[in-house]
Protein chains: 4
Amino acid sequence: MSSSFGQVFRIHTFGESHGGGVGVIIDGCPPRIAVSQEQIQHELDRRRPGQSEIVTPRKELDTAEILSGLQDGVTLGSPIAIVVRNTDQRPGAYDEMAAKYRPSHADYTYDAKYGIRSASGGGRASARETIGRVAAAAVARQVLDSLHPGIEVLAWVKSIQELNAEVDPESITAETIESNIVRTGDPAMVEPMIERIKAIRSDGNSVGGVIECVIRNCPAGLGEPIFDKLEADLAKAMLSLPATKGFEIGSGFSGTLLTGREHNDAFRMIDGKVRTLTNRSGGIQGGISNGETILFRVAFKPTATIMSNQETVTSDGENTELQGRGRHDACVLPRAVPIVEAMATLVLTDHLLRQRAIQPIS
Amino acid sequence: MSSSFGQVFRIHTFGESHGGGVGVIIDGCPPRIAVSQEQIQHELDRRRPGQSEIVTPRKELDTAEILSGLQDGVTLGSPIAIVVRNTDQRPGAYDEMAAKYRPSHADYTYDAKYGIRSASGGGRASARETIGRVAAAAVARQVLDSLHPGIEVLAWVKSIQELNAEVDPESITAETIESNIVRTGDPAMVEPMIERIKAIRSDGNSVGGVIECVIRNCPAGLGEPIFDKLEADLAKAMLSLPATKGFEIGSGFSGTLLTGREHNDAFRMIDGKVRTLTNRSGGIQGGISNGETILFRVAFKPTATIMSNQETVTSDGENTELQGRGRHDACVLPRAVPIVEAMATLVLTDHLLRQRAIQPIS
Amino acid sequence: MSSSFGQVFRIHTFGESHGGGVGVIIDGCPPRIAVSQEQIQHELDRRRPGQSEIVTPRKELDTAEILSGLQDGVTLGSPIAIVVRNTDQRPGAYDEMAAKYRPSHADYTYDAKYGIRSASGGGRASARETIGRVAAAAVARQVLDSLHPGIEVLAWVKSIQELNAEVDPESITAETIESNIVRTGDPAMVEPMIERIKAIRSDGNSVGGVIECVIRNCPAGLGEPIFDKLEADLAKAMLSLPATKGFEIGSGFSGTLLTGREHNDAFRMIDGKVRTLTNRSGGIQGGISNGETILFRVAFKPTATIMSNQETVTSDGENTELQGRGRHDACVLPRAVPIVEAMATLVLTDHLLRQRAIQPIS
Amino acid sequence: MSSSFGQVFRIHTFGESHGGGVGVIIDGCPPRIAVSQEQIQHELDRRRPGQSEIVTPRKELDTAEILSGLQDGVTLGSPIAIVVRNTDQRPGAYDEMAAKYRPSHADYTYDAKYGIRSASGGGRASARETIGRVAAAAVARQVLDSLHPGIEVLAWVKSIQELNAEVDPESITAETIESNIVRTGDPAMVEPMIERIKAIRSDGNSVGGVIECVIRNCPAGLGEPIFDKLEADLAKAMLSLPATKGFEIGSGFSGTLLTGREHNDAFRMIDGKVRTLTNRSGGIQGGISNGETILFRVAFKPTATIMSNQETVTSDGENTELQGRGRHDACVLPRAVPIVEAMATLVLTDHLLRQRAIQPIS
């Protein structure tokens with residue numbers, strides 16, 4: 001159950017960092033949707049290692065192969081299986097890790113849970129697992145474009161440590177974000193953020209930050225009351241990503257400082273539509289989209305892999321020290337931007353199909 | 001699907017604020033667990049209106065009736081149905097609401113989604129829905145006590161607006177929290193918080209804040225990799241509560257300011273067990289509990305119901321003004337404390353049973 | 001998980017034969033469907049004890065109370081909770097059963113599974129559990145009538161022991177079936193079947209038989225390939241009923257005697273529609289309805305409760321003898337007819353909504 | 001949702017008859033189970049075409065590749081992905097089928113459901129889809145052997161048309177079944193059945209029959225009351241297989257001819273265990289295994305593909321005739337035997353793990 005996500009547009013991921021490969025099955029995709037393999041590959045390229053000078057230099061081309069569910073580029077309504085082979089395997093580089101628990105990684109907890117764990121690399125806990133999510137979301141994106149054109153999902157680096165980007169969620173464009181390798185939305189912060197990442201990497205250290213994500217032109221009425229509220233499913237989606245520590249929507253934690261009189265979003269009729277004059281709700285009320293822009297933020301901790309020696313224990317229960325070495329992302333956020341977009345897209349697509357089951361969407 | 005939560009210990013809630021009643025079915029409860037009806041009632045009393053001078057004065061006794069699943073106070077393994085009748089119904093008080101969308105409530109979005117909504121009160125979006133969750137969690141609590149004694153789940157009011165409680169998660173006790181009507185964990189903040197709530201209520205306004213929750217003595221190994229990570233399920237559980245806007249675990253958003261070297265939790269053998277020297281992970285690594293204390297925070301926005309006139313629109317699409325009147329909680333946090341505990345307990349119980357399916361828990 | 005059925009139109013039943021009551025929650029019901037409580041009660045009356053001289057004389061009025069999900073007789077889209085109180089409880093009559101396993105009942109297996117079982121009556125294994133299914137199906141029926149008018153679901157007693165009714169599935173009417181207390185579709189078999197039941201009851205014995213069910217005017221395209229084939233879900237639905245031992249659709253077991261040349265259903269265009277000239281497929285091909293009449297049969301074993309002394313064992317593991325006494329149905333089939341219809345209706349409604357999620361239904 | 005099966009031991013299949021390949025993801029497999037790839041391949045070889053002179057001569061080696069979830073032949077607890085490449089693709093042979101609906105195949109219904117279908121071969125409706133099931137069951141088999149050794153699952157051809165095998169379910173062995181290419185359990189029927197299949201194939205025709213399956217040494221207590229009764233899940237599993245038309249367990253349809261006094265299974269203590277003197281229940285009572293031998297039968301219709309010209313219609317709605325040609329199985333039963341065993345094994349494994357979640361299994 002743990003590797004499945006969604007209720008109607010449902011994905012199942014598989015694969016460890018080392019082994020035959022990683023991938024995903026998409027079940028519940030509507031038929032007769034044109035799916036571009038180039039679009040899938042494009043999204044995978046946005047998340048892959050080695051894409052720029054500030055991410056891990058590992059060479060992984062991450063080429064997607066679609067095994068089923070498509071015919072002449074159109075969905076059949078059957079499960080779409082996508083596989084990406086593992087290629088750059090250097091198990092030798094991880095020998096030490098097999099015996100020692102890397103601090104703030106999942107090595108120890110996998111052992112605690114299963115009594116066994118992948119001997120090299122992060123196994124299932126590796127960020128490579130997100131390949132399946134990104135590939136599935138690239139398909140979901142095309143479902144949205146077909147069934148309800150105009151929905152936009154855009155994420156950007158909001159902050160790295162205390163470096164904070166000023167971004168207008170209503171006007172930010174994909175072009176702006178993709179024009180810089182750090183994927184921030186504020187041109188003024190591009191250089192400071194890149195410099196910070198390079199400096200911290202030189203020091204063998206790592207940093208985290210916050211990714212902000214906007215969903216524009218989402219129709220009102222998506223999200224299910226009670227447990228599958230739209231924000232609840234978004235929160236789960238984001239906290240299911242490696243290295244995330246927090247989620248907030250709309251006014252978020254800072255909204256707790258306001259009074260109700262300050263915080264409430266007044267309704268007004270504008271251009272014949274029910275609109276809110278402010279958007280502290282973040283586009284969702286009572287778990288259901290209200291047609292306003294959905295805006296949320298996700299906290300990513302600093303990368304656990306660092307180039308320092310660290311105190312740890314062996315799987316045999318001996319105190320020891322772990323040497324810092326290998327290749328790592330000093331900051332995962334640039335590569336996490338497309339992953340955040342992917343999870344948001346999967347949540348939206350699932351809820352769009354769920355809503356269709358109970359009534360047509362205007 | 002939207003009113004069900006959990007995979008093995010699975011609950012289904014029902015009921016609107018007005019109508020016959022609210023309640024829950026618990027499916028998947030292990031057999032031969034002694035369940036005390038008093039314990040269920042005790043938890044319902046902690047969340048019910050009218051319990052103190054700082055919560056809404058509505059009189060709702062919220063008496064639970066158990067319809068099935070128990071025999072002589074012991075679970076049969078069959079579904080446990082619990083019903084709480086609605087009694088204090090004054091539909092007249094809500095006539096205006098039937099026609100006008102209350103700002104930052106779910107009135108408009110329910111209409112957008114369903115083309116119909118409960119004519120009086122919040123219907124399904126009412127906080128009364130949480131009665132079913134709290135009753136189910138009181139049963140879950142007794143399952144935990146029976147299958148894995150010693151797990152503690154404690155929540156408290158961490159902040160109201162900028163008033164911040166200093167609380168040691170390792171030593172805080174239920175007695176301390178329950179000894180004050182605001183349910184904070186810091187004796188020094190009891191009076192300031194109560195005064196703040198009273199003052200804001202006198203002004204017809206409302207406030208929000210942050211609830212912090214600790215899980216102590218959680219065994220290592222709970223939580224499922226990938227989508228059902230323990231923190232992901234906790235995040236979903238919390239964001240499924242009315243009025244919540246954010247969730248963070250361990251170092252949370254402030255952890256994004258640290259470097260990896262500062263943030264990593266070194267492992268050490270202590271008393272023959274694998275322990276971490278710090279706990280920025282918040283007790284969960286890779287989605288799986290590591291045996292350390294689990295600590296998370298939930299942001300609650302200020303109550304949307306206020307005693308001021310507010311701009312809004314009618315369900316017919318006319319601009320109008322909503323009068324402030326009726327009864328309300330100027331601050332939901334004291335009553336939300338047991339609800340946060342309830343959701344955390346449900347998540348834990350479900351994951352404990354899920355783990356038993358794949359292997360025994362030490 | 002075990003008391004839930006359906007994926008989109010999803011029901012959760014609860015309740016033992018003795019205790020507060022039995023019932024159901026329906027989740028996923030579309031909004032704005034007019035639901036008649038009388039229709040629900042009508043279906044419950046068709047399945048209740050004491051309805052005629054050939055069923056058990058137990059007095060159970062089985063009055064349904066709807067606790068939630070409706071407003072002025074119209075669905076809100078929220079969970080619909082329906083409760084039927086248990087009234088005719090005579091636990092004393094069952095004292096012997098508490099200690100001795102009734103042959104071919106579920107007493108022993110519940111003990112084997114749970115280490116505990118309901119001390120009186122069948123507990124969760126009682127046919128009373130089907131009340132929740134019938135009530136839910138009465139709602140589902142009204143969903144079908146609203147979203148896709150014209151679908152007919154009719155069941156009748158096909159045989160009791162070797163007494164076999166000749167019925168034309170294309171023309172049989174509800175009036176014919178309901179005009180006789182045995183609910184067979186063949187007027188010529190009414191008296192023989194009634195006489196058989198009365199004779200076997202006088203002897204303290206019991207009989208079984210076959211119920212046949214037809215679904216007319218089902219749109220083509222319902223049912224999901226692979227595991228949730230329409231016939232697979234129907235088979236599961238029927239075998240989930242107490243006392244059922246077999247299911248066959250279309251040509252069924254006797255179709256295994258034919259060759260492919262005899263068995264295949266040729267396609268022809270008739271009145272502009274794709275039709276089959278024969279219907280050995282039983283209205284379903286590849287798990288998906290083809291627009292022809294769906295026809296299936298369900299085998300019910302003779303009632304396990306008989307008025308004879310029987311060899312058995314006690315729950316303490318001693319050989320003993322069980323006295324035959326109490327009230328029983330000498331033949332469950334007349335009361336099972338509405339239950340078979342109910343389960344078929346639930347399967348259809350769920351698949352209709354599932355299909356809407358992926359594409360509009362013509 | 002439609003390509004997933006099981007609740008805890010959960011499989012997801014994918015793949016069409018033509019395209020990259022077919023396969024399965026197994027989620028929820030316990031960790032530290034030794035899995036033999038040879039065993040997987042052995043089961044695939046039992047179901048593959050070209051294995052004997054009485055099955056289709058198509059050359060498909062069906063070699064399984066395991067992409068994830070194993071390390072040094074031991075399960076990690078993570079999803080196990082297994083892929084079998086499609087190799088023998090001759091789309092040209094199917095050109096006619098692309099335009100004409102093959103009678104009693106799923107061509108028309110897929111079009112009715114999806115508005116599109118696989119242009120060549122059966123697509124998702126092909127029996128090739130069962131490769132994923134068989135591969136997953138070969139893993140499940142090893143889970144059973146590890147967690148609860150001794151459970152046997154054996155199926156055999158019970159009948160082909162009126163040719164009926166006499167088989168003792170308590171003593172039949174895998175060796176007897178596998179010693180003949182028709183996979184019947186009655187040596188006296190081997191030659192008659194083979195001759196029948198050869199004769200019918202020479203005529204370009206096809207035949208069906210019944211497969212019987214026994215589960216021996218199943219522990220008491222498996223199966224979930226109400227909807228997920230063990231026989232209900234078996235029925236669904238079997239009716240989800242291509243070409244199946246019926247399912248019966250224990251006394252089945254013929255049990256409807258008996259009286260309760262004849263049909264009831266008396267309990268007796270034998271060797272300190274609760275046993276039944278007869279087994280008309282077929283090893284399951286109230287949906288839960290009682291420790292006796294589970295016995296059920298599955299009806300398979302004659303293969304729809306025949307070498308005769310047949311009346312049909314085109315996808316454009318024109319009456320036409322379909323030429324008989326290509327390669328086909330004149331009788332699917334010999335190859336269906338391992339598939340029936342596979343589905344039974346999957347159901348058992350899932351219920352064994354489900355039971356472990358609520359209590360230890362003795």
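Structure first, text after, so check above.
These figures come from a predicted structure and were not determined experimentally.

Parameters and conventions
- Residues numbered from 1 in each chain as written.
- Chains lettered and ligands numbered in written order.
- Predicted model: local features only at pLDDT ≥ 70, side-chain atom pairs only at ≥ 80, totals over all residues.
- Heavy atoms only, no water.
- Helix = DSSP H or I, 4+ residues; strand = E, 2+ residues; numbered from the N terminus.
- Buried < 20%, exposed > 50% of the residue type's maximum accessible area, 1.4 Å probe, protein only.
- Polar contact = N/O pair within 3.5 Å; in protein donor to acceptor, adjacent residues only side chain to side chain.
- Contact = heavy atoms within 4.5 Å.
- Least-squares fit on C-alpha atoms with pLDDT ≥ 70 in both.
- Pairing = 2+ DSSP bridges.
- Buried area = accessible area lost by both parts, 1.4 Å probe.
- Salt bridge = Lys/Arg side-chain N within 4 Å of Asp/Glu carboxyl O.

A. Examining the side chain of C:His263 more closely. With respect to the secondary-structure elements, C:His263 resides in helix α8 (residues 260–263). On the basis of relative accessibility, which here comes to 0%, the residue C:His263 falls in the buried class. At 2.6 Å, the side chain of C:His263 and the side chain of C:Ser251 are in polar contact. Not counting chain neighbours up to four residues away, the residues in contact with C:His263 comprise C:Ser251, C:Gly255, C:Leu258, C:Arg280, D:Ser104, D:Lys301 and D:Pro302.

B. A look at the relation of the copies chain B and chain A. Expressed as a screw transformation, the operator carrying chain B onto chain A has a rotation angle of 180° and an axial translation of 0.0 Å, and the superposed copies differ by an RMSD of 0.0 Å. Viewed as a symmetry operation, the transformation between the two copies matches a two-fold axis. A shared interface surface links the copies, since 100% of the contact residues of chain B are contact residues in chain A too.

C. Just helix α1 (residues 37–47) of chain D, in detail. Residue and element names in this part refer to chain D. Taken residue by residue, α1 has Ile 40, Gln 41, Glu 43, Leu 44, Arg 46 and Arg 47 as its buried positions. The elements touched by buried residues of α1 are β4 (64–66), β7 (80–85), α4 (130–147), α5 (174–178) and α9 (333–358). Where α1 begins, one side-chain oxygen reaches toward the backbone nitrogen of Glu 38, 3.2 Å away; that side chain belongs to Ser 36.

D. Structural view of the side chain of D:Thr244. All names here are of chain D. Locating Thr 244 in the fold gives a position in strand β11 (residues 244–249). Residue class for Thr 244 comes out buried when judged on its relative accessible area of 3%. One polar contact links the side chain of Thr 244 to the main-chain carbonyl oxygen of Met 238, over a distance of 3.0 Å. Dropping the residues within four chain positions of it, Thr 244 is found in contact with Met 238, Leu 239, Val 298, Ala 299 and Phe 300.

E. A look at the pairing of strand β11 (residues 244–249) of chain B. Summarising burial for β11(B): six of the six residues are buried, a large majority. Pairing analysis gives three bridges linking strand β11 (residues 244–249) of chain A to β11(B), with the strands arranged antiparallel. Looking at β11(B), one finds that A:Glu248 is bridged to B:Gly246.

F. Spotlight on the interface of chain B and chain A. Contacts between the two partners involve 108 residues from chain B and, on the opposite side, 108 residues from chain A. Of the roughly 8600 Å² buried between chain B and chain A, counting both surfaces, carbon and sulfur atoms make up 58%. Taken as a group, B:Lys113, B:Phe227 and B:Lys245 account for 11% of the area that chain B buries against chain A, more than any other trio of residues on that side. The interface formed by chain B and chain A contains 10 salt bridges. The partner of B:Glu224 in a salt bridge is A:Lys113, and the shortest N-O contact between them spans 3.6 Å.

G. Looking closely at the pairing of strand β2 (residues 10–14) of chain A. Residues and elements named next belong to chain A. Counting buried positions over the five residues of β2 gives five, a clear majority of the element. Judged from the two bridges that link them, strand β1 (residues 4–5) and β2 form a sheet pairing that is antiparallel. Each bridged residue has a counterpart across the sheet, and for Phe 5 the counterpart in β2 is Ile 11. The turn joining β1 and β2, which pair antiparallel and follow one another in sequence, is formed by four residues; a positive phi near 100° is taken by Gly 6. Note that β2 and strand β3 (residues 21–27) share five bridges and pair antiparallel. Residue pairing across strands places His 12 opposite Ile 25, the latter belonging to β3. The hairpin formed by β2 and β3 contains six residues between the paired strands, and Gly 15 there has a positive phi angle of roughly 110°.

H. Seen up close, the interface of chain C and chain B. In this assembly, 40 residues from chain C lie in contact with 40 residues from chain B. For the pair chain C and chain B, the number of links is two salt bridges. Note that B:Glu65 is salt-bridged to C:Arg85, the shortest N-O span being 2.7 Å. The tally of links from chain C across to chain B stands at 18 residue pairs in polar contact (both at pLDDT 80 or more). Those elements that place two or more of their residues in the side of chain C that touches chain B are β2 (10–14), β3 (21–27), β6 (74–75) and β7 (80–85) of chain C. The element best represented in the side of chain C that touches chain B is β2(C), accounting for four residues.

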